[in-house]
Amino acid sequence: MIFYLVPDHPVPSWGLGMLYEHVRLLRTQGREACVLHHQAPYRPGWRKLEVPVRYLDQPGFAATADDVVVVPEVLAASEAVQRHPWRRVVFVQGSFLIVRGLGGSVDYAALGYEAAMAVLPHVARVVERHFGLAAEVVPPFIAPHFFAGSPLPRQLPRQQRVLFVVKDGYGVAGFPDHEIAEVLLGREIARRPEWSLVRLAGLTHREVAELMQTSMFLVNVNSLEAFNTTVPEAMAAGCIPLCYEAVGGRDFLRDGENAVVFTNHEVYALVERVCELMDRFEEHAPLLARLRAGGEKTAAAFRPEVTAQALARFFADRLPVSTP
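Below is a summary of the structure that appears in this document. Just so it is clear, the model here is predicted, and its values are computed rather than measured.

## Describing the sheet that holds strand β12 (residues 260-262)
Argument step 1. Within the open sheet, the 5 strands sit side by side as β9-β8-β10-β11-β12. Their pairing is parallel. Two strands close off the open sheet at either side, each with one partner strand: β9 (196-200) and β12. Between one strand and the next, the sheet's axes are offset by a mean angle of 20°, whatever the strand orientation.
Argument step 2. Examined bridge by bridge, strand β8 (residues 159-165) and strand β10 (residues 215-220) share 4 bridges and lie parallel to one another. Bridge pairing links Phe-164 to Val-219 in β10.
Argument step 3. Most of the contacts of helix α8 (residues 230-237) go to β10, to which it runs at about 170°, and overall it touches β8, β10 and β11 (240-244).
Argument step 4. Packing of helix α9 (residues 267-279) onto the sheet brings it into contact with β8, β10, β11 and β12, and relative to β11 it is tilted by some 165°.

Structure follows, in structure tokens:
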């Protein structure tokens, strides 16, 4: 059995959703796989996916030395993981929570992990260089309902709307970018009544997709992300991202080709560029068409079948599928 340990976390997260998706994909490949939560009867209300779920606190739950547990980097040192004799694989979706997730251990090998998956090449390099394991890239994918079709510029009418990604955790951590950007964008768009600003908060995944497919721009000022999911989602939907390079952006962001990209924390320059694009968007039509086409091409690389192929390769040697 392959267990995927998923945090009992009620806030929507595509990173957590991807753990569920791995289980679904593995089962289509003939693998015995299930999601593992901590406390019954928890299931995330924001993720409706029919895959088997088991619970660490279930009476009689026990894993064997033949089982594999895939653990997100935030739970790597979990006592619940350490108490079972299973084979351990870490799945690293971001590089900034690795040290916290290690719980004081020097690296993954010290915690008994035998292999690592990473979502992007730069994350794999971080794991290999600093945390004791070779890592294979198993990329994420963009939910299919974000793709607006091709060619994007002629698909759906674009409203003069700017979407703003909200992530409250950054303010708690002491990063003021979201507050600054929201205040300034609100002020500037109020001076341009033909434009509107929508905060991406309290919406379902499909509601976000629908907004992206009919909006002109997305502003994302997250600076510590790897995949930074709303950026490639916007690309898939034909909504042009203005964003920071963050950490993982180097793997797929190309300024002027598929997005408008800024060095982390250049919040004032980013807001000024949004204003310039709003004021001259008709003049910039060739640039916007090029950005949409480049974004569509980038997003197309993050498809479920690509993730499925990488998963199959990862487990092929470690856990061969038995045949009758």
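After that view, the rundown keeps rolling.
## Focus: helix α4 (residues 121-130)
Argument step 1. Along α4, the residues classified as buried are His-122, Val-123, Ala-124 and Val-127.
Argument step 2. Where α4 terminates, the next one or two residues include Gly-132, which has phi positive at roughly 85°.

## Let's talk about the environment of His-37
Argument step 1. As for its placement among the helices and strands, His-37 is situated in strand β2 (residues 33-37).
Argument step 2. His-37 sits 30 residues away from Asp-67 along the chain, and the two C-alpha atoms are 16 Å apart.
Argument step 3. In this structure His-37 touches Val-6, Pro-7, Asp-8, Tyr-20, Tyr-42, Pro-44, Val-53, Arg-54, Tyr-55 and Leu-56, once residues within four positions along its chain are discounted.
Argument step 4. Looking at His-37, its side chain comes within polar contact range of the side chain of Asp-8, at 2.9 Å.
Argument step 5. A distance of 2.7 Å separates a polar atom in the side chain of His-37 from a polar atom in the side chain of Tyr-20.

## A closer look at the sheet that holds β2
Argument step 1. Ordered in space as β3-β2-β1-β4-β5-β6-β7, the 7 strands form an open sheet in which the pairing is parallel. Only two strands of the sheet have a single neighbouring strand rather than two, namely β3 (53-55) and β7 (135-137). Averaged over all pairs of adjacent strands, the angle between their axes in this sheet comes to 30°, without regard to strand direction.
Argument step 2. One ladder, built from 3 bridges, connects β2 with β3; its direction is parallel.

## Re the side chain of Asn-258
Argument step 1. By the element assignment, Asn-258 lies in the loop between β11 and β12.
Argument step 2. Polar contacts involving the side chain of Asn-258 include one to the main-chain amide nitrogen of Arg-254, which spans 2.9 Å.
Argument step 3. Side-chain polar atoms of Asn-258 contact the side chain of Thr-298, separated by 2.8 Å.
Argument step 4. Discounting chain neighbours no more than four positions away, the residues touching Asn-258 are Met-235, Pro-241, Phe-252, Leu-253, Leu-291, Gly-294, Gly-295 and Thr-298.

## Let's talk about α9
Argument step 1. The end-to-end C-alpha distance of α9, which contains 13 residues, comes to 19 Å, matching closely the 18 Å that a straight helix rising 1.5 Å per residue would cover.
Argument step 2. All buried positions along α9 are accounted for by Val-267, Leu-270, Val-271, Val-274, Cys-275, Glu-276, Leu-277 and Met-278.

## Some remarks on the pairing of β11
Argument step 1. With respect to burial, β11 is a largely interior element, 5 of its 5 residues being buried.
Argument step 2. By the bridge criterion, 4 bridges tie β10 to β11 in an arrangement that is parallel. Counterpart to Leu-218 in the pairing with β11 is Pro-241.
Argument step 3. When β11 meets β12, the two strands line up parallel, connected through 3 bridges. When the bridges of β12 are listed, Cys-243 appears paired with Val-261.

## Details of the packing of aromatic side chains
Argument step 1. Under the definition given, this model contains 12 aromatic pairs.
Argument step 2. Each ring, one from Phe-3 and one from Trp-86, has its centre 5.7 Å from the other, and the planes form 55°; the classification is tilted. One end of the pair, Phe-3, is in strand β1 (residues 2-5); the other, Trp-86, is in the loop between α2 (79-82) and β5 (87-92), and 83 residues separate them in sequence.
Argument step 3. Taken together, the aromatic side chains of Phe-3, Phe-61 and Trp-86 make up a single cluster linked through ring pairs.

What counts and what doesn't
Residues numbered from 1 in each chain as written. Predicted model: local features only at pLDDT ≥ 70, side-chain atom pairs only at ≥ 80, totals over all residues. Heavy atoms only, no water. Pairing = 2+ DSSP bridges. Helix = DSSP H or I, 4+ residues; strand = E, 2+ residues; numbered from the N terminus. Axes fitted to C-alpha atoms, helices over the stretch in contact; angles between N-to-C directions. Contact = heavy atoms within 4.5 Å. Buried < 20%, exposed > 50% of the residue type's maximum accessible area, 1.4 Å probe, protein only. Polar contact = N/O pair within 3.5 Å; in protein donor to acceptor, adjacent residues only side chain to side chain. Expected span 1.5 Å × (residues − 1). Phe/Tyr/Trp six-rings, centres within 6.5 Å; stacked < 30°, edge-to-face > 60°.

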